[in-house]
Amino acid sequence: MSPFPALLPDEPVDSVAHLIQTALTPVFMLSGIGTLLNLFNTRLARVSDHIEKATETLDQANSATQRRRLRQHLKHLHRRTLLLDAAILLGAIGGASACGAAFVLFLGSLRDSAVAWWLVLMFGVALTCTVGALGMFLCDSLVAWHGLRMTTSWMRLPKPKN
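Residues numbered from 1 in each chain as written. Predicted model: local features only at pLDDT ≥ 70, side-chain atom pairs only at ≥ 80, totals over all residues. Heavy atoms only, no water.

A. Looking closely at the overall build of the protein. Within the protein, the regular secondary structure consists of three helices and zero strands. In the protein, the succession of helices and strands from N to C terminus is α-α-α. The buried share of the protein, reckoned over its 162 residues, is 29%. Contacts in the protein between residues at least 24 apart in sequence constitute 79% of all its contacts with a sequence separation of at least 6. Counting every atom, the protein has about 11,100 Å² of accessible surface; 66% of that belongs to carbon and sulfur. (Helix = DSSP H or I, 4+ residues; strand = E, 2+ residues; numbered from the N terminus. Buried < 20%, exposed > 50% of the residue type's maximum accessible area, 1.4 Å probe, protein only. Contact = heavy atoms within 4.5 Å. Areas by Shrake-Rupley, 256 points an atom, 1.4 Å probe, with all protein chains shown as cover.)

B. Summary view of the environment of Ala61. Within the secondary structure, Ala61 is located in the loop between α1 (13–59) and α2 (64–111). The exposure class of Ala61 is buried, given its relative accessible area of 12%. Not counting residues up to four positions away in its chain, the partners in contact with Ala61 are Gln66, Arg67 and Leu70.

C. Looking closely at the pattern of salt bridges. One pass over the full model with this rule turns up two salt bridges. For the salt bridge of Asp140 with Arg80, the shortest nitrogen-to-oxygen distance reads 2.8 Å. With a gap of 60 residues between them, Asp140 in helix α3 (residues 116–155) and Arg80 in helix α2 connect regions that are remote in the sequence. Taking the relative accessible area as the measure of exposure, Asp140 reaches 0% and is therefore buried. One salt-bridge network, held together by shared partners, links Arg43, Arg80 and Asp140. (Salt bridge = Lys/Arg side-chain N within 4 Å of Asp/Glu carboxyl O.)

D. How the structure looks around the packing of aromatic side chains. Applying the stated rule across the entire model yields one aromatic pair. Aromatic pair Phe40 and Phe137: ring centres 5.2 Å apart, planes at 35 degrees, arrangement tilted. Of this pair, Phe40 sits in helix α1 while Phe137 sits in helix α3, and the two are 97 residues apart along the sequence. Phe40 gets classed as buried once you look at its relative accessible area, which sits at 1%. Exposure remark for Phe137: the relative accessible area of 17% places this residue in the buried category. (Phe/Tyr/Trp six-rings, centres within 6.5 Å; stacked < 30°, edge-to-face > 60°.)

Spatial relationships are all this shows, so hold off on functional conclusions.
Written out as structure tokens, the structure reads:
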């Protein structure tokens, strides 16, 4: 008999270990989603900087050809911002759902009630939104790679005279 019976559960070690593993899964997922959101926001900031630079260059453009190329480049960058906005939105929803799943696990362990339906719903939304965010990020990468090939000729344009 233990001097602290309330601290030592009567359940087998396997079921306690399973409970801990289950409770940590949403936390690890949330950490990964946070890293992804940081990456998406950094990338969006870089695209925003490119938009500002292209807009300034467009204001100083001398030829119609240069203005046309800059407008195409700005359209391309606008598409990228939309994709990154969608990735950030889906990632945020996924993160909130992962938090919700961890909260439901916490409530379930406190109340000893059946929360399986809520847990499946929250974790399912977290997974679905995270996959969607990664899909949007892949689309942004494809658009960026395509734009890199398209803007190579734009980068060779003569600089405007001041």
